[in-house]
Amino acid sequence: MDIDTRLLRYFLAVADAENLPRAAQRLHVAQPALATQIKQLEQQLGVELFIRSRAGWTLTAAGKVLAEQLPALLASWDRILRNTKSDSSRASRVLRLGCVNSAADSHIPEIIRVFHRLHPDWQVDLHQGGWTDPTAGLDEGDVDVALLRLPFPGQDQYHLRELFAEPRWIALPEDHPLADRHDIAFRELWDEPYVASPAETGWWRDYWMGLDSRPADTAIIGAIARNTDEWLRAIANGFGVSFTPASTSRTEYPGVVFRPVHGIGPTRVAVVWPDASEADPVVRYFIRCCSDIMGGQHGADGRRTS
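Residues numbered from 1 in each chain as written. Predicted model: local features only at pLDDT ≥ 70, side-chain atom pairs only at ≥ 80, totals over all residues. Heavy atoms only, no water.

### Some points on the overall build of the protein chain
Point 1. Secondary structure summary: the protein chain contains eight helices and 13 strands in total.
Point 2. Computed over the C-alpha atoms, the radius of gyration of the protein chain is 21 Å, within 12% of the 19 Å expected from 2.2 N^0.38 for a compact globule of 306 residues.
Point 3. Reported as C-alpha extents along the three principal axes, the dimensions of the protein chain are approximately 60 × 55 × 30 Å.
Point 4. When each of the 306 residues of the protein chain is scored for burial, the buried share is 49%. (Helix = DSSP H or I, 4+ residues; strand = E, 2+ residues; numbered from the N terminus. Rg over C-alpha atoms; globule rule 2.2 N^0.38 Å. Buried < 20%, exposed > 50% of the residue type's maximum accessible area, 1.4 Å probe, protein only.)

### Topic: the sheet that holds strand β12 (residues 256-262)
Point 1. One open sheet holds the four strands; their spatial order is β8-β12-β7-β11, and the pairing between them is mixed. Among the strands making up the open sheet, the edge pair consists of β8 (184-185) and β11 (242-245).
Point 2. Sheet topology places β8 next to β12; two bridges connect them, and they run parallel. Across the sheet, I184 pairs through a bridge with V261, a residue of β12.
Point 3. Running over the sheet, helix α7 (residues 228-236) touches β7 (168-173), β11 and β12 and is turned about 90° from β12. (Pairing = 2+ DSSP bridges. Contact = heavy atoms within 4.5 Å. Axes fitted to C-alpha atoms, helices over the stretch in contact; angles between N-to-C directions.)

### Some thoughts on the sheet that holds strand β3 (residues 94-100)
Point 1. In space, the five strands of this open sheet follow the order β4-β3-β5-β13-β6, with mixed pairing throughout. Lying at the two open borders of the sheet, with one neighbouring strand each, are β4 (123-129) and β6 (159-166). Taking the axes of each pair of neighbouring strands and ignoring which way they run, one obtains an average angle of 20° across the sheet.
Point 2. Sheet analysis places β3 next to strand β5 (residues 145-150), joined by three bridges and oriented parallel. Bridge pairing in β5 places C99 opposite L147.
Point 3. In the packing of helix α5 (residues 108-118) onto the sheet, the strands contacted are β3, β4 and β5, and the crossing angle to β4 comes to about 155°.

### A few points about the side chain of T135
Point 1. The topology assignment puts T135 in the loop between β4 and β5.
Point 2. Classification of T135 by relative accessible area gives buried; the value is 3%.
Point 3. Setting aside residues no more than four positions away along its own chain, T135 makes contact with A146, L148, F152 and P153.

### Here we look at the packing of helix α1 (residues 5-17) against helix α2 (residues 20-27)
When two helices pack together, their arrangement is given by the angle between the helix axes and the distance between those axes.
Point 1. Packing of α1 against α2 brings their axes to within 8 Å, and their N-to-C directions diverge by 130°. The angle between α1 and α2 falls in the class oblique. Remark: the crossing between α1 and α2 carries right-handed chirality. Residues Y10, A13, V14, D16 and A17 of α1 touch α2, and the partners they reach there are L20, R22, A23, R26 and L27.
Point 2. Among the residues forming the contact of α1 with α2, the class breakdown is seven nonpolar, no polar and three charged. (Parallel < 35°, antiparallel > 145°, perpendicular 65-115°, else oblique. Left-handed = near helix turned anticlockwise from the far one by under 90°. Nonpolar A, V, L, I, M, F, W, Y, C, P; charged D, E, K, R; others polar.)

### A few points about the environment of A165
Point 1. If you trace the backbone, A165 turns up in strand β6.
Point 2. Separated by 110 residues in sequence, A165 and A55 place their C-alpha atoms 41 Å apart.

### Overview of the pattern of salt bridges
Point 1. In total, this model carries nine salt bridges according to the counting rule given.
Point 2. E166 is the salt-bridge partner of R149, the closest N and O atoms lying 2.6 Å from each other. A residue pair is termed long-range when its members are at least 10 positions apart, and R149 in strand β5 and E166 in strand β6 qualify at 17 residues.
Point 3. Classification of R149 as buried rests on a relative accessible area of 3%.
Point 4. Note that D212 and R168 form a salt bridge whose closest N and O atoms lie 2.9 Å from each other. (Salt bridge = Lys/Arg side-chain N within 4 Å of Asp/Glu carboxyl O.)

### Things to note about the nonpolar core
Point 1. In terms of nonpolar packing, the biggest core is built from 59 residues, with F115, V145, L147, I170, F243 and M294 touching the most fellow members.
Point 2. Broken down by element, the residue count for this core peaks at nine residues, all from helix α8 (residues 281-297).
Point 3. Core analysis: the second largest hydrophobic core is formed by 23 residues, A13, L20, A24 and V29 among them. (Core = buried A, V, L, I, M, F, W, Y, C linked by side-chain atoms within 4.5 Å.)

Purely spatial values, then, with no claim about function.
What follows is the structure in structure tokens.
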């Protein structure tokens with residue numbers, strides 16, 4: 001019997017949360033889709049895994065057996081997959097670098113130049129993560145190391161070194177009542193509609209609506225955007241506002257302005273890598289290049305963790 005490992009991971013998330021909405025948020029998928037996937041797994045196995053009730057989802061006896069044995073199996077498979085992909089890239093002398101949009105765009109060319117001084121025969125293959133891929137390929141084992149914005153889903157599974165922090169600014173329609181201000185209080189933005197990423201991105205979306213610093217019931221979504229172009233167009237058309245890193249203010253788009261906000265914490269950038277890359281001297285040197293260039297250039301404002 002062949003079973004998609006994605007179904008098994010969905011099962012474990014629901015088993016751990018004992019609550020479908022909470023599990024769906026962690027997985028960044030819609031609740032109906034998650035329920036359908038669990039039902040599909042039960043049909044393939046021929047057993048009922050959960051007892052559904054208003055109080056939550058409780059494991060059956062069969063479900064408990066599966067939940068006990070799956071973590072070790074999936075961890076072993078993940079290790080095999082990562083090592084296979086990683087060994088293949090090393091054999092080809094390719095360093096696979098993941099990066100989310102704007103996390104380190106201006107620094108990457110210099111980082112690669114410095115990296116090539118010691119490893120001139122290595123190629124750096126850049127994987128750009130989108131709005132629905134905040135780990136830029138790390139979760140799929142498609143990259144050896146990544147430059148990411150914190151927080152991101154599942155970051156506790158990885159090693160990371162924080163490089164610097166930058167303020168969260170607000171993107172506004174140019175005719176918005178607050179657009180003429182040069183400093184906006186976070187509390188003034190609580191009642192605004194927001195242009196947000198899709199629901200399946202879960203708390204990643206919540207963070208960029210400022211819900212890490214205010215009550216969840218204050219969120220109003222004016223539009224959904226799946227990429228940067230859709231996001232800018234929705235703001236320009238007056239569908240909502242949105243938090244963004246301060247560096248995004250260099251972007252020029254008709255009808256959109258960017259303003260500083262006080263009363264909300266910054267976004268942070270880190271270099272992140274999995275266990276499979278921990279002992280790799282080439283990856284370690286690349287990490288050092290990132291620290292020296294990005295941490296050093298941001299001076300006292302840059303924060304690092306080892």
